[in-house]
Amino acid sequence: GYLEPISVKPVHTAKDVLVIAAGVYRGFGCSLDVTAVIYRRRPLRRLAYLNGDPSEPQYAFYLSGLDVGEENSTGERIVASGWVASNCTSTWNGKRIRIDRLEGSSNKQIFARDLNAHDRYEGENVAARVERDIATFWYEGATDDTDLLSGPAVAKYQIISGHAVLASPVALT
């Protein structure tokens, strides 16, 4: 496939990490599959790499939002990432959120969930932030209103004993 230009992804929480995003087209048109590689800046060391859905490698996902938490007292970090299925057919392409735990140079997926969401007109389609043991995601979620179709949505999870637990707020209002 064709390799897209490699880019640096901004990280909001942990300033001691660097995230590189590399995308490869795996088919015709819009099959952009992105891998995010997370590095510690000093000393320079790879911590992990992430893909949208490693269990289903036939699907291409591009990285939307990503944040890495500060290292806690046990040397672990939380990573929150938002992904979008890469195709050209709709603005309702599949969206996915995931939370990973980094320890040293190994990562473990704690949580992953698909979202019924629309592309956002401004900003990241699925924005992600980490604050201590809480991962928060913002997106344009589907509604049951046939006139409105979608509206701003939030998903917030607290990591407790290695598991993601839904936390409040469970809605923006």
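Remember, predicted model here, so these are calculated numbers, not experimental data.

Trainee: Before we move on, could you go through the nonpolar core and cite the residues and values that matter?
Mentor: Counting residues in each nonpolar core, the largest one holds 20 residues, and the members touching the most others are Val17, Val19, Ile38, Leu66, Val68 and Val79. Those residues in contact with Ile38, other than ones at most four positions away along the chain, are Val17, Leu18, Val19, Arg45, Arg46, Leu47, Ala48, Leu50, Val68, Val79 and Leu102. Counting 18 residues, the second largest nonpolar core, distinct from the first, contains Ala80, Ile97, Ile99 and Tyr139.

Trainee: Tell me what's going on with the packing of aromatic side chains, and back it up with residues and numbers.
Mentor: For the structure on display, the rule yields 1 aromatic pair. Summarising the aromatic geometry, the rings of Phe111 and Tyr157 are spaced 4.5 Å apart at their centres and angled 40 degrees between planes, so their arrangement reads as tilted. With Phe111 in strand E8 (residues 106-115) and Tyr157 in strand E12 (residues 150-160), this residue pair connects regions lying 46 residues apart in the sequence. The two residues Phe111 and Tyr157 agree in class, both being buried.

Thresholds, definitions, all that
- Residues numbered from 1 in each chain as written.
- Predicted model: local features only at pLDDT ≥ 70, side-chain atom pairs only at ≥ 80, totals over all residues.
- Heavy atoms only, no water.
- Core = buried A, V, L, I, M, F, W, Y, C linked by side-chain atoms within 4.5 Å.
- Buried < 20%, exposed > 50% of the residue type's maximum accessible area, 1.4 Å probe, protein only.
- Contact = heavy atoms within 4.5 Å.
- Phe/Tyr/Trp six-rings, centres within 6.5 Å; stacked < 30°, edge-to-face > 60°.
- Helix = DSSP H or I, 4+ residues; strand = E, 2+ residues; numbered from the N terminus.

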